[in-house]
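Structural overview
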Amino acid sequence: MISVVYFGTHHFSAHILESLIDSKLFDIKLVVTQPDRPAGRKKEIQKSPVKIIAQKYNLKIEQPETLKNYILPTAADLNITCQYGLIIPKVILDTAKHASINVHTSLLPKYRGASPIQSALINGEKETGITVMLMDEKMDHGDILKQQKITIDSDDTFVELNNKLLAIAPDLLIKTASDYVEGKITSQTQLHDEATFCKEFTRDDGKIDWDKTSEQIYNLYRGLTPWPGIWTEYNGQRLKLLEVKPAHEKVKQGKLISQQDKLFAGCAQNTSIEIIKIQLEGKNPMQAKEFINGFKNIL
RNA sequence: CGCGGGGUAGAGCAACCAGGCAGCUCGUCGGGCCCAUAACCCGAAGGUUCUCGGUUCAAAUCCGAGCCCCGCAA
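Presented here is an overview of the structure given in this document. (Residues numbered from 1 in each chain as written. Chains lettered and ligands numbered in written order. Predicted model: local features only at pLDDT ≥ 70, side-chain atom pairs only at ≥ 80, totals over all residues. Heavy atoms only, no water.)

Quick look at the environment of Lys277 now. Positionally, Lys277 belongs in strand β16 (residues 272-280). For Lys277, a relative accessible area of 31% puts it in the partly exposed group. Lys277 sits 54 residues away from Gly223 along the chain, and the two C-alpha atoms are 17 Å apart. Here Lys277 is in contact with Lys240, Leu241, Leu242, Glu243, Pro285, Met286 and Gln287, once residues within four sequence places are set aside. (Helix = DSSP H or I, 4+ residues; strand = E, 2+ residues; numbered from the N terminus. Buried < 20%, exposed > 50% of the residue type's maximum accessible area, 1.4 Å probe, protein only. Contact = heavy atoms within 4.5 Å.)

Here's what the structure looks like:
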């Protein structure tokens, strides 16, 4: 068995961790994840998805607030990280007997950073993939061990694409990690000149710019749904567009109109999007038809 | 005590501010029209107006308390 210290926080990472456990090839000596934080309207303390998995398998857990001056209590053959959310100092990377390995959800050097899946969708990419790499002290900068490409369908949203990547990532990681420990893989330096970066998104990033075309807005929807979602202002209130698709109706830019039971919004260059599911500030989500029934007089 | 919107027929909303027969668009059911229809016409059923208390001749509406849903923020 290969001993491992695992660093991770979010959902994708939790699945990766569980796959490592299931493979029975790895001995997870320690899981490092971000501290429990308040979330939701009532500010209830929530565990990270990775912590939940770690507890399910009774693994040892560490939740340092920061890794500055943090001393890893356990050394292992490999440090494996995925969506941990904090930069890991070189001192900690160097504790691994063989290497510190990272799983990243893009084809590096493209989309280094916090939101590779969302950003690829927003930019209308046709393909993306998984990169398994060696870590260095710069974010997503280390040498590449293995990559696997997948195609992005034009209707994939974050959920579908995330699932596609999740379907291939565990096997790629497990095989690459094992092969690396056995010395069967050589690493390859990234083409740093071609690197692009992506930031973490906030709700403001979901505000729709109606000067964009329906394709651009649809891509924004694909990348930011379900979180943080896309929205616009309507009568001074926030209107979330929970489900949309490109359409060909001619609608004045930035305007909402109803046609039979359907709802359309006008985008740039005479394009439009159909709104299928919608939520007004303070209200529950509703289908376009329900919205039309209730708000017909002001459409 | 973080800020704000909301709870009215199966759905989405109006009426509330300024108390006086609870209404609109759908859906459902029945009938009509039609070659036909999810279209159109006629009709019907369906309500403890979230709960409890208060004010009043009279409360969906005003006052007090509570429960629940949601948008921000974190």
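On we go from here.
As a further point, take the protein's contact with RNA strand B. Neighbouring RNA strand B are 18 residues, the closest being Arg41, Gly282, Asn284, Glu290 and Gly294. Looking at RNA strand B alone, sugar and phosphate atoms form 67% of those within 4 Å of the protein. Contact between RNA strand B and Asn284: a sugar or linking oxygen at 2.6 Å from a side-chain N or O atom of the residue. Take Asn293: an N or O atom from its main chain is 3.0 Å from a base nitrogen of RNA strand B. Considering each element in turn, the surface near RNA strand B owes the most residues, 5 residues, to helix α7 (residues 288-295). (Near = heavy atom within 4 Å. Polar contact = N/O pair within 3.5 Å; in protein donor to acceptor, adjacent residues only side chain to side chain.)

This paragraph deals with the environment of His104. Among the structural elements, His104 can be located in strand β7 (residues 99-104). Taking the C-alpha atoms as reference, His104 lies 9.6 Å from Gln147; in sequence the two are 43 residues apart. Once you skip the residues sitting within four places of it in the chain, His104 turns out to touch Tyr111, Arg112, Gly113, Pro116, Gly129, Ile130, Thr131 and Asp140.

The next thing to look at is the sheet that holds strand β1 (residues 2-8). With mixed pairing, 7 strands are arranged side by side in an open sheet as β5-β2-β1-β6-β7-β9-β10. Every interior strand has two partners, whereas the edge strands, β5 (61-62) and β10 (144-151), have only one. Relative to β7, strand β6 (residues 78-82) runs parallel, the two sharing 4 bridges. Within β7, the residue paired with Ile80 across the bridge is Ile101. Running over the sheet, helix α5 (residues 158-181) touches β1, β2 (26-32), β6, β7, β9 (127-134) and β10 and is turned about 155° from β10. (Pairing = 2+ DSSP bridges. Axes fitted to C-alpha atoms, helices over the stretch in contact; angles between N-to-C directions.)

In this section: the packing of aromatic side chains. The final tally for this structure, using the stated rule, is 4 aromatic pairs. Taken together, a centroid distance of 5.6 Å and an interplanar angle of 80° make the contact between Phe7 and Tyr84 edge-to-face. Highlighted residues: Phe7 in strand β1 and Tyr84 in the loop between β6 and α3 (90-93), separated in sequence by 77 residues. The pair Phe7 / Tyr84 is uniform in exposure class, with both members buried. Within the aromatic cluster, the residues linked to one another by ring pairs are Tyr234, Phe291 and Phe295. (Phe/Tyr/Trp six-rings, centres within 6.5 Å; stacked < 30°, edge-to-face > 60°.)

Inspection of the secondary structure puts Thr81 in strand β6. When sequence neighbours within four positions are dropped, the list of residues in contact with Thr81 reads Phe7, Ile88, Ile101, Asn102, Val103 and Met135.

For any two helices packed against each other, the geometry is given by the interaxial angle and the distance between the axes. Running from N to C, helix α1 (residues 11-23) and α5 point in directions that differ by 40°, and their axes come no closer than 10 Å. Relative to α5, the crossing made by α1 is right-handed. Facing α1, whose interface residues are Phe12, His15, Ile16, Ser19, Leu20 and Ser23, α5 presents Asn162, Leu165, Leu166, Ala169, Pro170, Leu173 and Ile174. By residue class, the composition of the contact of α1 with α5 is 9 nonpolar, 4 polar and no charged. (Left-handed = near helix turned anticlockwise from the far one by under 90°. Nonpolar A, V, L, I, M, F, W, Y, C, P; charged D, E, K, R; others polar.)

Note the cis peptide between Leu108 and Pro109, where omega equals 15°. On the secondary structure map, Pro109 appears in the loop between β7 and β8 (112-113). Its identity is not glycine, yet Asn235 carries a phi of approximately 50°, on the positive side. A residue is classified by how much of its surface remains accessible, and Asn235, at 59% relative accessible area, is exposed. Positive phi values are uncommon outside glycine, yet Gln260 reaches one of about 50°. Take Gln260: it is sitting in the loop between β14 (256-259) and β15 (262-266).

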